[in-house]
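A closer look at the structure
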Amino acid sequence: MNDTFTERRYDIARLAIPEWLLKVERLGKVYGPYDDEIIASTGSERDTAKSSINGSVVAAWDVSFEVAPGEALGIVGESGSGKTTVLRCLAGDFTPSTGSATIRLGSDDVNIFDVEPAQRRRLRVDTVSVVYQDPSEGLKMNVTAGGNIAEPLTAAGWRNFSKIRARASDLLARTEVPLNRMDDLVRAFSGGMRQRVQIAKALANSPSVVLFDEPTTGLDASVAAGVLDLIRSLLEEHRIAAVVVSHDFSVIEMLTSRCLVMHHGRIVESALTDQLLEDPHHPYTQRLVAAARA
Amino acid sequence: MTLSDLIDRHESGELLDEFAKREIRRATLAAVAIPGYQVPFGSREMPVARGWGSGGLQITLAVTHDDDTVKVIDQGDDDGVNAVNLRRLVTSSTGADETTTASEATVTQSRHRIPEDGLDESSILVLQVPVPEPLRGVERDMRELARMHAEADYSRMWVSLYEDKVRNGVITQTTGYPCLVNERYVVATTPIPRWDIPRLHDAPFLTLFGAGREKRIYAIPPYTIVEPLTFEDVPFEVEDSDGARCSLCGKSESFLVSLPNSTTWLCSDTDWCARQRGSR
């Protein structure tokens, strides 16, 4: 593999960023004890994430990137490559082993791995939202669509019933959920509509960062296309910094301008999305792109 | 009081031994110090089944001395079988006097009501609580419940009020309405009607809540802020019996209950009703 060329392209990709809003530095997540030797025994070149020395699993290591407002960064890789681990660490669902993730809040920089659990959850209410692959993870199935959106609103201090209703119906209209379904339980919704409600909920408090974990994987092709269109227009409209995790190149191609390729917990390539698809350099990326284009 | 003093008094024939009383009083003091916080305690076996007032009974026995006067009501009624039996149990165990007049009682035990009047700074109101956890309906995981209380994260409670209003047009919860105590903890107000909720706010008396089955004690100290959870634009309303009057005393300003399958209304608080008739 041409290391210098990959490096140079990485620099071009960095130049394209105006001003970062989310900056992740040397994020690592290891299950089990680890030291330098154990880390070195895993990775793309070793073709495993599990150390042969002590069996520790290095799910993600040395993951660094920046995302600007209005920009979407893709993380692509096969199942088990560590991309969802990275996203879940950023979401606060997992505790990372090492590294930092800084969010620019006004003039303050906050390392979200560093703050108290209560403040962390607070950030999840109004600053960082997550859209999960499985809507039942992000939504309460036995609560109405409107009620699901009311949850982050009341958590942010909304106490006026009519204003909550108005905000919820506004969000549902923008995510193209029929308003006559607003007071139906989410359980009664189709997969595509559940995903739209989840996106509406994620946008409730106008977050500056939204993390998408395989947002269309469970949906059939025509519904997925509609949801992708929606996400793309919302990202442009709201100047959100987005991280999109997917194994599906068509999702990455449609939503993101830059992307990272992960393999066995490591970033193996980083480039502008169209370049990466046209001209993949790392052998693993070449295999992935070839498989997607087949 | 030293341990040896406690041992001397141990064989007194009382329902609760001095060790148990001391533990319950300590839990009660912690509850008073942190208004609305549910303090765990070692709930004892009582000669009434759990769920029949054993939590309230234990608090009453622990705070009552032989110079106290005790009133026990069931649904506002001093003469219900349950009320009479509990009152006898308390007075025979503690040596306290008994009364049915709210203003004479220093300790009043109740499940469903706060007496219409007569409670003042010298009064303790003990409420029997079936379910002390106000968030039980929205979350079952105990660790998650503890976290929600610790962080005052009550958004799920608000969602359940939102859902109630959306589904029914009004907030339908009638008894045990959730209230925010001292601007910090949400409590279950046990099955007292909404009618009694405003009377908990800034009340001159101490209210102690005992849940025997769930082993929790919590408290609302005198002159504490108690706010029912309600949306800014959906005012909290108490029960309205639409101009009905008590068929015994003729008054309409107390909490009225209707006899089954009839349009006859009666005061829920029998002591208050009797006093209205006496003064007429």
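Criteria and thresholds
Residues numbered from 1 in each chain as written. Chains lettered and ligands numbered in written order. Predicted model: local features only at pLDDT ≥ 70, side-chain atom pairs only at ≥ 80, totals over all residues. Heavy atoms only, no water. Helix = DSSP H or I, 4+ residues; strand = E, 2+ residues; numbered from the N terminus. Rg over C-alpha atoms; globule rule 2.2 N^0.38 Å. Buried < 20%, exposed > 50% of the residue type's maximum accessible area, 1.4 Å probe, protein only. Contact = heavy atoms within 4.5 Å. Areas by Shrake-Rupley, 256 points an atom, 1.4 Å probe, with all protein chains shown as cover. Pairing = 2+ DSSP bridges. Axes fitted to C-alpha atoms, helices over the stretch in contact; angles between N-to-C directions. pLDDT = per-residue confidence, 0-100. Parallel < 35°, antiparallel > 145°, perpendicular 65-115°, else oblique. Left-handed = near helix turned anticlockwise from the far one by under 90°. Nonpolar A, V, L, I, M, F, W, Y, C, P; charged D, E, K, R; others polar. Buried area = accessible area lost by both parts, 1.4 Å probe. Salt bridge = Lys/Arg side-chain N within 4 Å of Asp/Glu carboxyl O.

1. Here's the deal with the overall build of chain A
If you tally the helices and strands in chain A, you get twelve helices and ten strands. Computed over C-alpha atoms, the radius of gyration of chain A comes to 19 Å, within 12% of the 19 Å expected from 2.2 N^0.38 for 294 residues, which places it in the range of a compact globule. Buried residues in chain A amount to 54% of all 294 residues. For chain A, restricting intrachain contacts to residue pairs at least 6 apart in sequence, the fraction spanning at least 24 positions comes to 71%. A total of about 12500 Å² of accessible surface is found on chain A, and carbon and sulfur atoms cover 48% of it.

2. Topic: the sheet that holds strand β3 (residues 72-76) of chain A
All names here are of chain A. Here we have six strands laid out as an open sheet, ordered β6-β7-β8-β3-β9-β10, and mixed in their pairing. Edge positions in the sheet fall to β6 (128-131) and β10 (266-272), since each has one partner strand and no second. Adjacent strand axes in the sheet meet at a mean angle of 20°, parallel and antiparallel pairs treated alike. Examined bridge by bridge, strand β9 (residues 258-263) and β10 share six bridges and lie antiparallel to one another. When the bridges of β10 are listed, Val-261 appears paired with Glu-269.

3. Comments concerning the confidence of the model for chain B
Low pLDDT means the predicted atomic positions in that stretch should not be read closely. All names here are of chain B. Per-residue confidence for chain B averages 92 on the pLDDT scale, and 96% of its residues sit at or above 70. Looking across chain B, the model is least confident in helix α1 (residues 3-8), with a mean pLDDT of 70, and most confident in strand β1 (residues 39-40), with 98. For this predicted complex, the interface confidence comes out at an ipTM of 0.85, alongside a pTM of 0.87.

4. Quick word on the side chain of Lys71(B)
In this fold, Lys71(B) is placed in strand β2 (residues 69-72). If sequence neighbours within four positions are ignored, Lys71(B) has contacts with Asp78(B), Thr99(B), Thr100(B), Thr101(B), Ala102(B), Ala105(B), Val107(B), Thr108(B), Gln109(B), Pro115(B) and Asp271(B).

5. A look at the packing of helix α3 (residues 54-63) of chain B against helix α4 (residues 81-94) of chain B
To characterise two packed helices, one gives the angle between the axes of the helices and the distance between these axes. Residue and element names in this part refer to chain B. Relative to each other, α3 and α4 sit at 30°, their axes nearing to 10 Å. Compared by their axis directions, α3 and α4 come out roughly parallel. Regarding α3 and α4, the two cross each other, and that crossing is right-handed. On the side of α3, the interface is formed by Leu-57, Thr-60 and Leu-61, while α4 contributes Leu-86, Leu-89, Val-90, Ser-93 and Thr-94. Residues that form the contact of α3 with α4 fall into these classes: five nonpolar, three polar and no charged.

6. Details of the interface of chain A and chain B
Between chain A and chain B, the contact holds 22 residues from the first and 15 residues from the second. In total, about 1600 Å² of surface goes out of reach between chain A and chain B, with carbon and sulfur atoms giving 62% of it. Of all residues in chain A, Arg121(A), Arg159(A) and Phe161(A) give up the largest surface area on contact with chain B, accounting jointly for 40% of the area buried on that side. Glu151(B) is paired through a salt bridge with Arg121(A); the nearest N and O atoms lie 2.5 Å apart.

7. Here's the deal with the pairing of strand β1 (residues 22-31) of chain A
Residue and element names in this part refer to chain A. Two elements, β1 and strand β4 (residues 98-105), share five bridges in a ladder whose sense is antiparallel. Considered in β4, the bridge of Gly-28 is made with Thr-98. Across seven bridges, β1 lies against strand β2 (residues 57-67) in antiparallel orientation. When the sheet's bridge partners are listed, Val-30 is paired in β2 with Val-58.

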